[in-house]
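Single-letter residue listing:
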Amino acid sequence: MRKISAFVFTSLNGYYKGINEDISWHKHGEEEMKFSEEGANSGSTLLFGRVTYEMMAGFWPSAMALEMMPEVAAGMNSSEKIVYSRTLKQANWNNTRIICDDIINETKKLKEIPGKDMTILGSGSIVSQFAEAGLIDELQIMIDPVAIAKGTALFENINQSLSFQLVSTRTFKSGVILLNYIPQ
């Protein structure tokens, strides 16, 4: 069975995005860049909600992304991608398809067929929905050493308690901490 990992970064006070989708507070130094390169070249199928997809599709194929982070850009652009959206009618980023209905059952079917493991990048509402449905096998939370005034909290709209077991940690020189959890 294919696994689903979720990767999201948050502020110290638990926000994964600020007002107006702001993520400018996220630290991304040399160590974090190497971590990004490893992830981008893992071969996972990438999963996005519409908002995150549009942000990623607007950046990674650009000349600026290719110049700033060539290895990450290459991995992101060549990866198979799935975007979950009821409103997006066309996905212009290469290797992307849209799932618009019954995302939980469609993703359960995806997990059952042979193929690459899958990684949710950002996309907090997808992380919440999939965690509640028991679809996430690993949760990686990168905590930035910053508190922001307002934003959207990770797991903001869940309807039940979710328990996770911490399986590893990593501390970056910048003060960023990566926490790896599995569901209990």
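Everything below is about the structure shown above.
Residues numbered from 1 in each chain as written. Predicted model: local features only at pLDDT ≥ 70, side-chain atom pairs only at ≥ 80, totals over all residues. Heavy atoms only, no water.

**Student:** Would you mind going over the pairing of strand 4 (residues 81-84) in detail, with residue names and values included?
**Tutor:** Of the two faces of strand 4, the one carrying Lys81 and Val83 and the one carrying Ile82 and Tyr84 are both buried. Bridge analysis of strand 3 (residues 45-49) against strand 4 gives four bridges, and the strand direction is parallel. Each bridged residue has a counterpart across the sheet, and for Leu46 the counterpart in strand 4 is Lys81. As paired strands, strand 4 and strand 5 (residues 96-99) are joined by four bridges and run parallel to one another. Looking at the pairing, Lys81 lines up with Thr96 of strand 5. (Buried < 20%, exposed > 50% of the residue type's maximum accessible area, 1.4 Å probe, protein only. Helix = DSSP H or I, 4+ residues; strand = E, 2+ residues; numbered from the N terminus. Pairing = 2+ DSSP bridges.)

**Student:** Tell me about the nonpolar core, and name the residues and values.
**Tutor:** Phe48, Trp60, Met76 and Met142 are the most contacted members of the largest nonpolar core, which totals 26 residues. Those elements giving two or more residues to this core turn out to be strand 1 (4-10), helix 1 (30-40), strand 3, helix 2 (50-59) and helix 4 (70-78). The residues contacting Met142, other than those within four sequence positions of it, are Phe7, Val8, Phe9, Thr10, His26, Glu32, Phe35, Phe172, Val176, Ile177 and Leu178. Grouped together as the second largest cluster of nonpolar side chains are 24 residues, Leu47, Ile103, Ile126 and Leu179 included. (Core = buried A, V, L, I, M, F, W, Y, C linked by side-chain atoms within 4.5 Å. Contact = heavy atoms within 4.5 Å.)

**Student:** I'd love a proper account of the packing of aromatic side chains, names of residues and values included.
**Tutor:** Scanning the model with the defined rule gives ten aromatic pairs in all. Judged by centre distance (5.7 Å) and plane angle (80°), the ring pair of Phe9 and Trp25 falls under edge-to-face. Here Trp25 lies in the loop between strand 2 (15-18) and helix 1 and Phe9 lies in strand 1, a separation of 16 residues in the sequence. The same class applies to Phe9 as to Trp25, namely buried. Ring centres of Tyr53 and Trp93 lie 5.9 Å apart, and the angle between their planes is 45°; on these two criteria the pair is classed as tilted. (Phe/Tyr/Trp six-rings, centres within 6.5 Å; stacked < 30°, edge-to-face > 60°.)

**Student:** Would you mind going over the packing of helix 5 (residues 103-112) against helix 6 (residues 124-132) in detail, with residue names and values included?
**Tutor:** Running from amino to carboxyl end, helix 5 crosses helix 6 at an angle of 70°, the nearest separation of the two axes being 11 Å. Taken together, helix 5 and helix 6 sit at an angle that is classed as roughly perpendicular. Along its contact with helix 5, which presents Ile103, Ile104 and Thr107, the element helix 6 presents Ile126, Gln129 and Phe130. Across the contact of helix 5 with helix 6, the residue classes tally to four nonpolar, two polar and no charged. (Axes fitted to C-alpha atoms, helices over the stretch in contact; angles between N-to-C directions. Parallel < 35°, antiparallel > 145°, perpendicular 65-115°, else oblique. Nonpolar A, V, L, I, M, F, W, Y, C, P; charged D, E, K, R; others polar.)

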